[in-house]
Amino acid sequence: MVQMYNLHNHTPFSDGAYTIDELCEAHLKCGWPVAGIGITDHLFATPSSREVHNEKEFDRVFGKEARNYVASVKEARKRWAGKLQILCGCEINWPLNKGQLDMARNMLTGIDYVLFEFVDWAGLTTLANQARRWPCPVGLAHCDVRVQFPNTSLDQVVRTLANARIFYEVVSKLIPLGEHEAWFKVVPSHRVYVTVGTDTHDDLECLKELPQMYEYVVSHGLEQKILIPSIRAETPVPVAP
Ligand SMILES: [Zn+2]
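Residues numbered from 1 in each chain as written. Predicted model: local features only at pLDDT ≥ 70, side-chain atom pairs only at ≥ 80, totals over all residues. Heavy atoms only, no water.

Looking now at the sheet that holds strand S4 (residues 113–117). Across the sheet, which stays open at both edges, the 7 strands sit in the order S1-S2-S3-S4-S5-S6-S7 with parallel pairing between neighbours. Only two strands of the sheet have a single neighbouring strand rather than two, namely strand S1 (4–9) and strand S7 (194–197). Within this sheet the neighbouring strands show an average axis-to-axis angle of 30°, counted without direction. Here strand S2 (residues 34–39) runs beside strand S3 (residues 85–93); their pairing, made up of 4 bridges, is parallel. Considered in S3, the bridge of Gly36 is made with Gln85. (Pairing = 2+ DSSP bridges. Helix = DSSP H or I, 4+ residues; strand = E, 2+ residues; numbered from the N terminus. Axes fitted to C-alpha atoms, helices over the stretch in contact; angles between N-to-C directions.)

Okay, structure coming up:
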């Protein structure tokens, strides 16, 4: 049996209704053996109306918030150690942040993986060109490839993801997954990794969808391509002589 991880959950830090502890409890009680969860709150998104022009300003607007976020996820990780593994991901809105990616990338200390949402084809090619520069795995959140890349063949999309090592998220929003059969037929023959997530916001009922997504992934030959990002090592604190 595959170890189940739910790698897409929001908390009140952004637009989720449940705290990390509540999410952990719900996952442990949901009836399936869940090995870990990923917290993926939106970063660099508020205040969305504000234009940020330089690194200093970006840090002033988002820096503290991002550091607090990472710190609170890490504290939860310690509290739940031995019961449930907690990964610290984040979700980044592509259209909102595509002009400040260098700044965002420098602010990901402690982030284990990034989900990008609303990436269009131009965005994906941009991301593909720099995906390996990111300090952790990056992937596409809740992406219906036919809708998001309507003018690009499935083959070209899958090759782009494989070459750039951008992972693909299998997510509740795509259920019934059978409607995406054409896409899931091409994915397994390329080196594309997948994550599984429910994109939990205010309804824990979605946790019921985890097993069917895992079954679908396994039945499509993707078992070996399930990505569980590793927890990034802390930067060692210099020890005084
Ligand atoms: Zn989300």
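Burial of S2 is extensive: 6 of the 6 residues sit out of reach of the surface. In this structure, S1 lies alongside S2, joined through 4 bridges in parallel fashion. Looking at S2, one finds that Tyr5 is bridged to Gly36. Handedness of the crossover is the feature at issue here: the chain leaves S1, passes through helix H1 (residues 20–29), returns alongside S2, and the resulting connection is right-handed. (Buried < 20%, exposed > 50% of the residue type's maximum accessible area, 1.4 Å probe, protein only. Right-handed = clockwise from strand over helix to strand, strands pointing away.)

Moving on: the coordination of the zinc ion. On the protein side, the zinc ion has His8 (NE2), His10 (NE2), Glu91 (OE) and Asp199 (OD) as donor atoms, found 2.1 to 2.4 Å from it. Coordination at the zinc ion comes from 4 donor atoms whose angles at the metal span 76 to 168°, giving a geometry best classed as irregular. Sequence positions of the donors to the zinc ion reduce to the motif H-x1-H-x80-E-x107-D. Accessibility assignment for this pair places His8 and His10 in one class, buried. (Donors = N, O, S within 2.8 Å, 3.2 Å for Na, K, Ca; no water. Tetrahedral: all angles 85-135°; square planar, octahedral: opposite > 155°, others 65-115°.)

Where helix H5 (residues 121–130) meets helix H7 (residues 154–164), the closest approach of the two axes is 9 Å, and the angle between their N-to-C directions is 25°. Judged by the angle between their axes, H5 and H7 are roughly parallel. H5 and H7 meet at a crossing whose hand is left-handed. Touching Trp121, Leu124 and Ala128 of H5 are Gln156, Val157, Thr160, Leu161 and Ala164, all from H7. Split by residue class, the contact of H5 with H7 holds 6 nonpolar, 2 polar and no charged. (Parallel < 35°, antiparallel > 145°, perpendicular 65-115°, else oblique. Left-handed = near helix turned anticlockwise from the far one by under 90°. Contact = heavy atoms within 4.5 Å. Nonpolar A, V, L, I, M, F, W, Y, C, P; charged D, E, K, R; others polar.)

Moving on, we come to the pattern of salt bridges. Taken as a whole, this structure holds 7 salt bridges when the rule is applied. Here Asp102 makes a salt bridge to Arg105, at a shortest N to O gap of 2.4 Å. Here Asp102 and its partner Arg105 are both found in helix H4 (residues 101–105), 3 residues apart, which amounts to about one turn of the helix. A salt bridge links Arg159 to Asp155, with the nearest nitrogen and oxygen atoms 2.8 Å apart. Of this pair, Arg159 and Asp155 are both found in helix H7, 4 residues apart, which corresponds to roughly one turn of the helix. When its relative accessible area of 44% is taken as the criterion, Arg159 is described as partly exposed. (Salt bridge = Lys/Arg side-chain N within 4 Å of Asp/Glu carboxyl O.)

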